[in-house]
Amino acid sequence: CGAQCWRVMRSLLPGLRRQAAVAISQELSKLACRSTGPNAWINQVRRRSSLLSSRLEEKPFSEMEMSYIKQGEEALQKSLSILGDQDGWKTETVMGNGDKVLSKVLPDVGKVFRLEVVVDQPLDAVYSELVDNMEQMGDWNPNVKEVKILQKIGKDTVITHEKAAATPGNIVGPRDFVSVRCSKRRGSTCVLAGMATKYGAMPEQEGFIRAENGPTCMILRPLTGSPSQTKLIWLLSIDLKGWLPKTIINQVLSQTQVDFANHLRERLAQ
């Protein structure tokens, strides 16, 4: 009986295989009909593969690099906190084109300045000039002698050395800055933040006073109702060091912001 049963099973097996194949085919067809895109399991594999690839490509940061990243994040959070508090701002300057500079005094920071302008260029053009072409700022902004990227850390953080040009009449002599900068872009809003930092490969330079900035940031977003224009807000906080009367410092910094807006417009118009 055992041999006879085995012969019967063997004769039925091809039919069973065909039925199983048809059933599997029908189930796959049902899955395909449920989704206009690739099947769920294909998407899952792709997601896992993409995640694995990104992990393999990630470069581990050193302890020092992580400290710079944290400094940049700290500058960003502090800056947004300052700008988010609408109380206490006083008008310093209002230009005919609508540009204005506001200021307020913070207990733990000192006097900070806030520039608000509208630039007749789309956000991408402004972002590219201020971030991608950062080292060319000295070509179009007379208040900046040179900007040099000392180190890039990941995709959002850089260490920079900036030399500021002397003011007319040398009222404020040459200053330089070493800063950590953090750029974040989320949807239609960009935030560029920074603060002073220490960098062993860039000690104090002869002929320059090492000043300190920060927290400082620029916020860029399309102008409401006019996406071809960009609203720019610049929070400026600087300790110029040296012996300088506060009245001169305040005048220089507010004028620096107004000049920056005009020079940026001229650059983008080119």
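Residues numbered from 1 in each chain as written. Predicted model: local features only at pLDDT ≥ 70, side-chain atom pairs only at ≥ 80, totals over all residues. Heavy atoms only, no water.

A. Layout of the overall build of the chain. When helices and strands are counted, the chain shows six helices and 12 strands. A buried classification covers 37% of the 270 residues belonging to the chain. In the chain, once contacts between residues fewer than 6 apart in sequence are set aside, the share between residues at least 24 apart is 56%. As presented, the chain carries roughly 16,600 Å² of accessible surface, and 54% of it is formed by carbon and sulfur atoms. (Helix = DSSP H or I, 4+ residues; strand = E, 2+ residues; numbered from the N terminus. Buried < 20%, exposed > 50% of the residue type's maximum accessible area, 1.4 Å probe, protein only. Contact = heavy atoms within 4.5 Å. Areas by Shrake-Rupley, 256 points an atom, 1.4 Å probe, with all protein chains shown as cover.)

B. Just the side chain of S237, in detail. Relative to the elements of secondary structure, S237 occurs in the loop between β11 (226-236) and β12 (238-239). What S237 contacts, discounting residues up to four positions off in sequence, is V109, V112, E212, N213, G214, P215 and T216.

C. Region of the structure containing the pattern of salt bridges. Overall, the coordinates contain 15 salt bridges when judged by the stated rule. For D99, the salt bridge is made with R265, and the minimal N-O distance between the two is 2.8 Å. Of this pair, D99 sits in the loop between β1 (90-94) and β2 (100-106) while R265 sits in helix α6 (residues 246-269); the two residues are 166 residues apart in sequence, bridging distant segments of the chain. The exposure class assigned to R265 is partly exposed, which follows from its relative accessible area of 22%. (Salt bridge = Lys/Arg side-chain N within 4 Å of Asp/Glu carboxyl O.)

D. Molecular detail of unusual backbone geometry. Between G214 and P215 the backbone carries a cis peptide bond, its omega angle lying at 0°. You can see P215 is positioned in the loop between β9 (212-213) and β10 (216-223).

E. Local environment of the nonpolar core. L115, V126, L130, L220, L232, F260 and L264 are the most contacted members of the largest nonpolar core, which totals 37 residues. Take this core: its biggest share by element is eight residues, from α6. With residues near it in sequence (within four places) discarded, L232 still touches L115, E116, V117, V126, L130, M218, I219, L220, F260 and L264. Counting residues in each nonpolar core, the second largest holds 24 residues, with L83, L106, I153 and M195 among its members. (Core = buried A, V, L, I, M, F, W, Y, C linked by side-chain atoms within 4.5 Å.)

F. Helix α3 (residues 63-84), seen in detail. Its 22 residues place the ends of α3 31 Å apart at the C-alpha level, agreeing with the 32 Å of an ideal helix rising 1.5 Å per residue. Taken residue by residue, α3 has E65, Y68, I69, G72, A75, L76, S79, I82 and L83 as its buried positions. Taken down its axis, α3 places every buried residue within 160° of arc, on the same side. Structural note: α3 exposes E63, K70, S81 and G84 on the side pointing more than 90 degrees away from its buried face. (Expected span 1.5 Å × (residues − 1). Arc of directions from axis to C-beta.)

G. Broad picture of the packing of aromatic side chains. Here the structure, examined in full by the defined rule, presents three aromatic pairs. Each ring, one from W140 and one from F260, has its centre 6.0 Å from the other, and the planes form 45°; the classification is tilted. With a gap of 120 residues between them, W140 in helix α5 (residues 137-140) and F260 in helix α6 connect regions that are remote in the sequence. One aromatic cluster is present, built from ring pairs that chain together W140, W234 and F260. The cationic tip of R185 hangs over the ring face of Y127; the distance from NZ or CZ to the ring centre is 4.9 Å. (Phe/Tyr/Trp six-rings, centres within 6.5 Å; stacked < 30°, edge-to-face > 60°. Lys NZ or Arg CZ within 6 Å of the ring centre and 35° of its normal.)

H. Spatial organisation of the packing of helix α4 (residues 123-132) against α6. Taken N-terminus to C-terminus, the directions of α4 and α6 make an angle of 110°; their axes are 11 Å apart at the nearest point. The angle between the axes of α4 and α6 places the two elements in the roughly perpendicular class. In this structure, α4 contributes A125, V126, E129 and L130 to the contact, and α6 contributes F260, L264, R267 and L268. Its residues assigned to classes, the contact of α4 with α6 comprises six nonpolar, no polar and two charged. (Axes fitted to C-alpha atoms, helices over the stretch in contact; angles between N-to-C directions. Parallel < 35°, antiparallel > 145°, perpendicular 65-115°, else oblique. Nonpolar A, V, L, I, M, F, W, Y, C, P; charged D, E, K, R; others polar.)

I. Fine view of the environment of L76. Mapped onto the elements of the fold, L76 is located in helix α3. Along the chain, L76 and S183 lie 107 residues apart, while their C-alpha atoms are 8.6 Å from each other. Not counting residues within four places of it along the chain, the set of residues in contact with L76 comprises C182, K184, V191 and A193.

J. Just the pairing of strand β4 (residues 144-153), in detail. Sheet analysis places β4 next to strand β5 (residues 157-164), joined by eight bridges and oriented antiparallel. In the sheet register, I149 faces β5, and the bridge partner there is T160. Linking β4 back to β5 in an antiparallel pair, the connection comprises three residues, with G154 at a positive phi of about 65°. (Pairing = 2+ DSSP bridges.)

K. Spatial organisation of the environment of G187. Examined against the element boundaries, G187 turns out to sit in the loop between β6 (175-186) and β7 (189-196). Residue classification places G187 among the exposed residues on the basis of a relative accessible area of 65%. As for G187 and R221, which are separated by 34 residues in sequence, their C-alpha atoms are 9.3 Å apart.

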